[in-house]
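Fold and geometry: a report
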Amino acid sequence: MTQAVVIDINLENAQRVIIEGSQDKLVIIDFWADWCESCKQLMPTLEKLAAAFSTQVVLAKVNCDEQQQLATQFNIRSLPTVIFFKDGQPVDGFAGVEPESSIRARIEKYLPTVDDELVTQALQGIETGEYEQAYTLAKQAVDINPDSSQAQIVLADAACELGRLEQAEQLLTSIRMADQDQYYQHVTSKLNVAKQAADSPELRQLAEQLTGAPDNHELRLELAAKLYAAHRAEEALEHIFAVLRQDLNFGHAKQQALDMLNALPKGDPLAASYRRKLYSMLY
């Protein structure tokens, strides 16, 4: 069985365990005393829950008879008293004995959810240049919690790094004003730079030629290849599928479409959408 992380608190280690330690984990402080029967009733429950969440929770015990100064600093008026610390601040607490289910609910409220952990892993992937993995993790986070602006911004960042500029722009457009933080501004600037780089004179010239000869399939496929290389995947695929809709067996259009779809990151909704279109054409 996993052991609970339990630390006896005194004046010497209080700063390190409670303030510094709560930057990484949820610190549960149990104020107790030997003469307190309710404390003895509550303590096994706290230890059991600390063991259940051992990688995310630290149980810090304060013997109020021995650490009266600490009890005074925390304004403890009755025993047992439990205080939850997160990021250096008290965030919750209760006095007396509560049932295990109630305390568990309090703990879970301050622990990272599955989508939070996926977002953290995705951010690490972006930092190390593992953009495809970051994209997949961020997409999973968005699928789990579509209302998470943080997950959407991280997905937009990964999409931008992979050249999925249309998707990145769509994601950023959906972010609420209240959630447009410094990271949002960073990704928006990154997207603007990428869009400028993707709009080359060569692409504009090919597009103008195609406007004058819309039935020139070879020219359309050439434009599609250039667009894809410039990280404008959706536009590229739309040009290829325009050819396929008119002539399913024209040149290498079918293989070009498959190559582009296979090159998109795992979980990209664009790939799923155009695979369905191609399947409906073939079958």
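Scroll up to find the structure.
Here's what I pulled together on the structure shown here. (Residues numbered from 1 in each chain as written. Predicted model: local features only at pLDDT ≥ 70, side-chain atom pairs only at ≥ 80, totals over all residues. Heavy atoms only, no water.)

**Regarding unusual backbone geometry**
The general pattern is negative phi for most residues beyond glycine and trans for most peptide bonds. Between L79 and P80 the backbone carries a cis peptide bond, its omega angle lying at -5 degrees. Note on placement: P80 falls in the loop between α3 (68-73) and β4 (81-86). Although it is not a glycine, N75 sits at a positive phi angle of roughly 60 degrees. Within the secondary structure, N75 sits in the loop between α3 and β4. By relative accessible area, which is 48% here, N75 ends up partly exposed. (Helix = DSSP H or I, 4+ residues; strand = E, 2+ residues; numbered from the N terminus. Buried < 20%, exposed > 50% of the residue type's maximum accessible area, 1.4 Å probe, protein only.)

**A closer look at the packing of aromatic side chains**
As enumerated under the stated definition, the model contains 3 aromatic pairs in all. Here F31 and F74 contribute two aromatic rings whose centre-to-centre distance is 5.3 Å and whose plane-to-plane angle is 55 degrees, an arrangement assigned as tilted. Of this pair, F31 sits in strand β2 (residues 26-32) while F74 sits in the loop between α3 and β4; the two residues are 43 residues apart in sequence, bridging distant segments of the chain. Judged by its relative accessible area of 0%, F31 falls in the buried class. Relative to F85, the ring of F74 lies with its centre 6.1 Å away and its plane at 80 degrees, an arrangement referred to as edge-to-face. (Phe/Tyr/Trp six-rings, centres within 6.5 Å; stacked < 30°, edge-to-face > 60°.)

**Some points on the pattern of salt bridges**
Scanning all chains against the criterion turns up 17 salt bridges. Across the salt bridge formed by R106 and D92, the nearest N and O atoms sit 2.7 Å from each other. One end of the pair, R106, is in helix α4 (residues 100-109); the other, D92, is in strand β5 (residues 89-95), with 14 residues separating them in the sequence. Residues R106 and D92 agree in their burial class; the two are buried. Residue D92 pairs with K109 through a salt bridge whose shortest N-O separation is 3.6 Å. With D92 in strand β5 and K109 in helix α4, this residue pair connects regions lying 17 residues apart in the sequence. By relative accessible area, D92 is classed as buried at 17%. Taking the relative accessible area as the measure of exposure, K109 reaches 56% and is therefore exposed. (Salt bridge = Lys/Arg side-chain N within 4 Å of Asp/Glu carboxyl O.)

**Some words on the state of the cysteines**
Tallied over the entire structure, the rule returns 1 disulfide. Here C36 pairs with C39 through a disulfide, and the sulfurs are 2.4 Å apart. Here the disulfide of C36 and C39 is right-handed, its torsion about the S-S bond being about 85 degrees. For the residue pair C36 and C39, the accessibility class agrees, reading buried in each case. Here C64 is not disulfide-linked; the sulfur of C39 is the nearest cysteine sulfur, at 7.5 Å. (Disulfide = S-S within 2.5 Å.)

**Some thoughts on the nonpolar core**
Soluble globular proteins tend to bury their nonpolar side chains together. Judged by nonpolar contacts, the single largest core of 54 residues is most densely connected at V154, L237, I240, F241, L244 and L264. At 8 residues, the largest contribution of residues to this core is made by helix α7 (residues 149-161). Apart from the residues within four sequence positions on either side, V154 is in contact with V119, A122, L123, I126, A138 and Y183. Among the nonpolar cores identified, the runner-up in size contains 16 residues, and V17, V27, F31 and V62 belong to it. (Core = buried A, V, L, I, M, F, W, Y, C linked by side-chain atoms within 4.5 Å. Contact = heavy atoms within 4.5 Å.)

**Things to note about α7**
Along its 13 residues, α7 runs 18 Å from first to last C-alpha, staying within 8% of the 18 Å computed at 1.5 Å per residue. In terms of residue burial, α7 counts as a mostly covered element, since 11 of its 13 residues are buried. Of all the residues in α7, the buried ones are S149, A151, Q152, I153, V154, L155, A156, D157, A158, A159 and C160. Following α7 by one or two positions, G163 has its phi on the positive side, about 85 degrees. (Expected span 1.5 Å × (residues − 1).)

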